[in-house]
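Descriptive analysis of the structure
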Amino acid sequence: MRNEPLGTLGSTLVPSALATRLEAHGDSRRAFRSARRAFIDGARIDMGSLAASLGVDRTSLFRWVGNRDQLLSEILWSLAVPTLDAAGRAAAPSGAARIVDVLDHFTADLIRAPYFRAFLTREPSRALRLLTTADSDVQRRFVAVVTSVITTEHEAGAFDPTPLSAGELARLLVRVSESFTYADLISGETPDPERARTTFEYILRP
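As the structure is a computational prediction, the values presented were derived from the model and not from experiment. (Residues numbered from 1 in each chain as written. Predicted model: local features only at pLDDT ≥ 70, side-chain atom pairs only at ≥ 80, totals over all residues. Heavy atoms only, no water.)

Focus on the overall build of the protein
Short version of the rule: The way it works is that DSSP assigns letters per residue, a run of H or I at least four long becomes a helix, a run of E at least two long becomes a strand, and they are numbered from the N terminus. It is over C-alpha atoms that the radius of gyration is taken, and the globule rule equals 2.2 Å times the number of residues to the power 0.38. Partly exposed residues are those whose accessible area sits between 20% and 50% of the maximum for their type, while under 20% is buried and over 50% is exposed, using a 1.4 Å probe and protein chains only. By definition in these notes, contact holds between two residues if any of their heavy atoms fall within 4.5 Å. Here the Shrake-Rupley method, with its probe set to 1.4 Å, supplies the accessible areas, and only the displayed protein chains count as covering residues. His residues and chain termini do not enter the charge count, which takes Lys and Arg as positive and Asp and Glu as negative. For the purpose of locating charges, the reference atoms are NZ of Lys, CZ of Arg, CG of Asp and CD of Glu.
Assigned secondary structure in the protein consists of 13 helices and zero strands. Overall, the protein shows an N-to-C arrangement of helices and strands of α-α-α-α-α-α-α-α-α-α-α-α-α. The globule rule puts the C-alpha radius of gyration for 206 residues at 17 Å, and the 18 Å found for the protein is close to it. With the C-alpha coordinates of the protein rotated into their principal frame, the extents come out at 60 × 40 × 25 Å. When burial is assessed residue by residue, the protein has 50% of its 206 residues classed as buried. Sequence-distant contacts in the protein: of pairs separated by 6 or more residues, those separated by 24 or more amount to 66%. Accessible surface computed for the protein: about 9,900 Å², of which carbon and sulfur atoms make up 53%. Computed over 25 positive and 25 negative side-chain charges, the inter-centroid distance for the protein is 6 Å.

Looking at the side chain of T132
The condition is simple: Pairing of N or O atoms within 3.5 Å defines a polar contact, subject to two protein rules: one partner must be a possible hydrogen donor and the other a possible acceptor, and residues neighboring in sequence count only if both atoms are side-chain atoms.
Its location among the elements puts T132 in helix 9 (residues 124-132). Judged by its relative accessible area of 13%, T132 is buried. A polar atom in the side chain of T132 sits 2.5 Å from the backbone oxygen of L128. With sequence-adjacent residues up to four places away left out, T132 is seen in contact with Q139, R175, E178 and Y182.

Overview of the packing of helix 11 (residues 166-181) against helix 13 (residues 193-203)
Test applied: Axis geometry follows a simple rule: fit a line to the C-alpha atoms, using only the stretch in contact for helices, then measure angles between N-to-C directions, giving values from 0 to 180 degrees. Geometric relationships in this document are graded by angle, where less than 35 degrees denotes roughly parallel, more than 145 denotes roughly antiparallel, 65 to 115 denotes roughly perpendicular, and other angles denote oblique. A crossing counts as left-handed when the near helix is turned anticlockwise from the far one by less than a right angle, and as right-handed when that turn is clockwise. When residues are sorted by character, Ala, Val, Leu, Ile, Met, Phe, Trp, Tyr, Cys and Pro go into the nonpolar class, Asp, Glu, Lys and Arg into the charged class, and all the rest, Gly among them, into the polar class.
Following both chains from N to C, one finds helix 11 and helix 13 inclined at 160°, their axes separated by 10 Å at the closest point. Between helix 11 and helix 13, the angle falls in the class roughly antiparallel. Helix 11 and helix 13 meet at a crossing whose hand is right-handed. Facing L169, L172, L173, V176, S177 and F180 of helix 11, the residues of helix 13 in contact are R195, A196, T199, F200 and I203. Grouping the constituent residues of the contact of helix 11 with helix 13 by class yields eight nonpolar, two polar and one charged.

Focus on the packing of aromatic side chains
Operational definition: Stacked, tilted and edge-to-face are the three classes applied to pairs of Phe, Tyr and Trp rings, where Trp contributes its six-membered ring and a pair requires centres within 6.5 Å; stacked means planes under 30 degrees apart, edge-to-face means over 60, and tilted covers the rest.
Counted under the stated rule, the structure contains four aromatic pairs. Look at F106 and F142: their rings are 4.6 Å apart centre to centre, the planes differ by 50°, and that puts the pair in the tilted class. Within this pair, whereas F106 is found in helix 7 (residues 95-112), its partner F142 is found in helix 10 (residues 137-155), the two being separated by 36 residues in sequence. Taking the centre distance of 6.1 Å and the plane angle of 45° together, the rings of F116 and Y182 count as tilted.

A word on the environment of V81
Mapped onto the elements, V81 comes out in helix 6 (residues 68-90). Residue class for V81 comes out buried when judged on its relative accessible area of 15%. Counting along the chain gives 70 residues from V81 to T151, while the straight-line C-alpha distance between them is 20 Å. In this structure, V81 is in contact with G7, T8 and S11, ignoring residues within four places of it in sequence.

Notes on unusual backbone geometry
Here the bond from T162 into P163 is cis, since omega is 15°, no more than 30 degrees from zero. As for its placement among the helices and strands, P163 is situated in the loop between helix 10 and helix 11.

With respect to helix 9
We count it as follows: Each C-beta atom gives one direction from the helix axis, and the arc is the one those directions make.
Regarding helix 9, the residues found buried are A127, L130, L131 and T132. Taken down its axis, helix 9 places every buried residue within 160° of arc, on the same side. Those residues of helix 9 that are buried are in contact with helix 6, helix 8 (114-122), helix 10 and helix 11.

What about the nonpolar core?
Which entries qualify depends on this criterion: Each nonpolar core is a collection of buried residues, namely Ala, Val, Leu, Ile, Met, Phe, Trp, Tyr and Cys, held together in the definition by side-chain atoms within 4.5 Å.
Core analysis: the largest hydrophobic core is formed by 58 residues, its most contacted members being L61, L71, L131, I150 and L173. A total of nine residues in this core trace back to one element, the largest contributor, which is helix 6. Not counting the four nearest positions on each side in its chain, L61 is found in contact with A31, M47, L50, A51, L54, V56 and G66.

From the geometry alone we can't say anything about function, so treat these as descriptive.
This is the structure we're talking about:
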């Protein structure tokens, strides 16, 4: 499992209805790619404008990509996939150091991503709901990835999460990541990737 791309793993472990449609339907992919490009450019995703740009009505667009929240969630995760894949490649080979590195790279990249910060500033309440709640596909996938990394290290004898289970520890670490990534929205503090790494190291210290 150490060599498997982490972002892709998250999509596999927690599939979504939209991801399934994207695999099967060219129109869904076309609409998704158009919305994703606009999002990266810093634009607000408006379903009416998107439908018009594609030459279809809103009913057809909804059939292709679901509602706005579903579309935004899938866009956010699609952008997280290469970030997590890169984090997995850059991380230490094993043990607690690998878990720290994956979390550190991912958290720091989110904090520094201009398109991501623009979304948080533009739609803070929606962003927190789509990214940090138990119903969020993004959070569920992130938790699944971190759980998998912890489980892999545990099974290899390189890390022991007890007295917590791998899933419990993963949820704790994801919450820590979120508290630093969205610090400006949650507490008015400046997001600080260095402090985030220090906290991960503290939690996972021997």
